[in-house]
Amino acid sequence: MAKHPACLVLNAGSSSLKFSVFRDDPASTRLQPVLSGQVSGIGGTARLEAKDAERRVIAERYWNADESVSRQGLLDHVLAWISATLAEDHIVAVGHRVVHGGPDIAEPRMVTPALLDELEHLVPLAPLHQPHNIAPMRLIAERFPDLPQVACFDTAFHRGQPWVTRTYALPKELTADGICSYGFHGLSYEYVSRALIGARPELARSRMVICHLGNGSSVCAVQNGRSVDTSMGFTALDGVPMGTRCGAIDPAVIFYLVREYGMDLKTVEDMLYTRSGLLGVSGVSNDMKLLLESNDAHAHQAVELFCFRVAKEVAAQSASIGGLDALVFTGGIGENAGRVRELIAERLGWLGVQLDEHANGGRRQEIGAEGARVRSFIVPTNEELMIAQHALALLRQSHATTPAARPATPSAPRRAVASLLQAARRPRALGAKTAGAR
């Protein structure tokens, strides 16, 4: 029986590697999820957990820190396990999430040596993320050169913003040199705005503000399905407070910490990225669920500050698009924390936001009160699906526009999958915990 073409999606971070496989089934109008999972705790006690399309755990493995498994070795294991597990599908493309596309990249790109070199030059703009995004692309290009790869960028959705929302009031030479607002979470905003407009076509030309709230949080103004402004700027440190990141602060605070506290820049950077935000304010946790359940006064303050700053940013983003027709919540906090949505909405009543208590508590898609001037929604994000859609669309376009670049037959993808299947025989199966694992 012929196998279905499928797309593998990889999202490599500093301490995790997330993966998903989506089937391109001609009988369906949308891509079908096949499996997903992640390797977490990279650099320490790494753990792999994989689930099938029904979210049932189908594989689990641990690596102790003293096993010294490299990132390359972990990716090898993931690729081998996926190859051995797929029964009805064959991988025809790999889509990658890349945090930074710089000032010029406004759409997904096929991975080539030239693109990889270009992305390496952008590492100083996202030093905590970019190297980890690039590494799997290089490994797959080396091991499976015939397997097409597509890079999808968190900054790309924001590239069409007007210059006034992208520009800092700095000397123009610095602006010309690329110091400007780039914005992030673009794959999430693109997916959410498309999904909402697809379900509610009357919102196609509306002025909406989307709140992507999670361990990383930002707010984006979208009009006519396009990004107009967003709270994150030159880096993903800007904007609203996050799990461990401070969000927007007076830049002179950094001068003060260096001068008066004797901190070096590395110490300041570490504090602003990893010891601030919800964790810093509460002194308890960066987990919103734990903060909402806590009786600690500082935990309550962290929640209150977070909701205040998000509401303030929604108002600012509304100004960028001349008003507000729809408020949308997404991300781990935005989708699951009804109390957070409620506190944010209370501060935006003057703007016309009013939630229906039962709809909000029941996590319906539309949660606004009847007759409210601004419609309010919960739309679960799916960046992985967005990446798969981009990757397969670009692959089809590549085949259509440059037929000579690849054979018309599916031999190249099949050769790549055959290589993966050969690799699957080398490492031990991942369906059970290994000896010495906790």
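In this text the structure is predicted, and so the values were computed from the model without any measurement.

Undergrad: Please explain the overall build of the protein chain as it appears in this structure.
TA: Counting its regular elements, the protein chain contains 16 helices and 13 strands. Against the globule reference of 22 Å for 438 residues, the protein chain gives a C-alpha radius of gyration of 22 Å, in line with a compact fold. Along the longest, intermediate and shortest principal axes, the C-alpha atoms of the protein chain span 60 × 55 × 50 Å. In the protein chain, which comprises 438 residues, the proportion classed as buried is 51%. Put simply, of all contacts in the protein chain between residues at least 6 apart along the chain, 63% involve residues at least 24 apart. For the protein chain, the exposed area adds up to about 20,400 Å²; of that, 52% sits on carbon and sulfur atoms.

Undergrad: I'm lost on the sheet that holds strand β13 (residues 375–378) in this one. Help?
TA: Adjacent strands of a sheet form backbone hydrogen bonds with each other and so pair up, either parallel or antiparallel. In space, the five strands of this open sheet follow the order β11-β10-β9-β12-β13, with mixed pairing throughout. Both outer strands of the open sheet, β11 (226–230) and β13, are each paired with one neighbouring strand and no more. Each neighbouring strand pair of the sheet contributes to a mean axis angle of 25°, computed without reference to strand direction. Of the pairings in the sheet, the one linking strand β10 (residues 218–223) to β11 comprises four bridges and is antiparallel in character. When the sheet's bridge partners are listed, Q223 is paired in β11 with R226. Docked against the sheet, helix α11 (residues 297–320) engages β9 (207–212), β10, β11 and β12 (326–330), running at close to 25° with respect to β10.

Undergrad: Where do I start with the layout of surface pockets in this structure?
TA: Empty space left among the atoms is revealed by rolling a probe the size of a water molecule over them. The volume enclosed by the second largest pocket comes to roughly 660 Å³. Contributing to the lining of the second largest pocket are 18 residues, with F234, T235, L237, P251 and I254 lying nearest its centre. Elements represented by at least two residues in the lining of the second largest pocket include exactly α7 (252–260) and α8 (265–274). When residues in the lining of the second largest pocket are grouped by element, the largest group, five residues, is from α8.

Undergrad: Explanation requested: a nonpolar patch on the surface in the structure shown.
TA: Taken together, the side chains of V281, L305 and F308 present a nonpolar region at the surface, about 210 Å² in accessible area. With respect to the helices, strands and loops of the structure, F308 is situated in helix α11.

Undergrad: I keep staring at the nonpolar core and nothing clicks. Help me out?
TA: Core analysis: the largest hydrophobic core is formed by 36 residues, its most contacted members being F306, V310, V314, L327 and I344. At the level of elements, β9, β10, α10 (288–293), α11, β12 and α13 (338–347) are the ones that each hand at least two residues to this core. The element contributing the most residues to this core is α11, with eight residues. Setting aside chain neighbours within four positions, we find F306 in contact with L213, S217, P241, L278, M288, I333 and V340.

Undergrad: Got a minute to help me understand the packing of α11 against α13 in this structure?
TA: Axes are the key here: two packed helices are described by the angle between their axes and the distance separating the axes. Close contact between α11 and α13 brings their axes to 9 Å; oriented N to C, the two are set at 50°. In terms of axis orientation, α11 runs oblique to α13. Crossing handedness for the pair α11 and α13: right-handed. Only V340, L343, I344 and R347 of α13 make contact with α11, whose side of the interface consists of V303, E304, F306, C307, F308, V310 and A311. For the contact of α11 with α13, the residue count by class is nine nonpolar, no polar and two charged.

Undergrad: Before we go on, may I ask you to explain the side chain of H212 in this structure?
TA: Its location among the elements puts H212 in strand β9. Engagement of the side chain of H212 in a polar contact is seen with the side chain of S188, the distance being 2.8 Å. Discounting residues that sit within four places of it in the chain, H212 has contacts with H185, S188, Y189, S217, S218, T330, G331, T381 and E383.

Undergrad: Which parts of the structure should I look at to understand the packing of aromatic side chains?
TA: Summed over the entire model, instances satisfying the criterion amount to three aromatic pairs. Ring plane angle 40° and centroid distance 6.1 Å describe the contact between Y182 and F234, whose orientation is recorded as tilted. Here the residue Y182 occupies a position in the loop between α5 (172–176) and α6 (186–199), and F234 occupies one in the loop between β11 and α7, the gap between them amounting to 52 residues. The class for Y182 is buried, based on a relative accessible area of 1%.

Undergrad: Is there a simple way to explain the pattern of salt bridges in this structure?
TA: Side chains that differ in charge, positive against negative, can pair when their charged atoms come close. With the rule as written, the count across this model stands at 24 salt bridges. The partner of D270 in a salt bridge is R275, and the shortest N-O contact between them spans 3.3 Å. Residue D270 is classed as partly exposed on the basis of its relative accessible area, which comes to 32%. Here R275 falls in the partly exposed class, since its relative accessible area comes to 42%. Residue E304 is joined to R347 by a salt bridge in which the shortest nitrogen-to-oxygen separation is 4.0 Å.

What counts, and at which threshold
- Residues numbered from 1 in each chain as written.
- Predicted model: local features only at pLDDT ≥ 70, side-chain atom pairs only at ≥ 80, totals over all residues.
- Heavy atoms only, no water.
- Helix = DSSP H or I, 4+ residues; strand = E, 2+ residues; numbered from the N terminus.
- Rg over C-alpha atoms; globule rule 2.2 N^0.38 Å.
- Buried < 20%, exposed > 50% of the residue type's maximum accessible area, 1.4 Å probe, protein only.
- Contact = heavy atoms within 4.5 Å.
- Areas by Shrake-Rupley, 256 points an atom, 1.4 Å probe, with all protein chains shown as cover.
- Pairing = 2+ DSSP bridges.
- Axes fitted to C-alpha atoms, helices over the stretch in contact; angles between N-to-C directions.
- 1 Å grid on protein atoms, 1.4 Å probe; cavity = no way out; pocket = protein on both sides within 12 Å on 5 of 7 lines; lining within 4 Å.
- Points joined across faces, edges and corners; volume = space filled by probe spheres on them.
- Patch = residues over 30% accessible without salt bridge, like charges linked within 9 Å, V, L, I, M, F, W, Y side chains within 5 Å.
- Salt bridge = Lys/Arg side-chain N within 4 Å of Asp/Glu carboxyl O.
- Core = buried A, V, L, I, M, F, W, Y, C linked by side-chain atoms within 4.5 Å.
- Parallel < 35°, antiparallel > 145°, perpendicular 65-115°, else oblique.
- Left-handed = near helix turned anticlockwise from the far one by under 90°.
- Nonpolar A, V, L, I, M, F, W, Y, C, P; charged D, E, K, R; others polar.
- Polar contact = N/O pair within 3.5 Å; in protein donor to acceptor, adjacent residues only side chain to side chain.
- Phe/Tyr/Trp six-rings, centres within 6.5 Å; stacked < 30°, edge-to-face > 60°.

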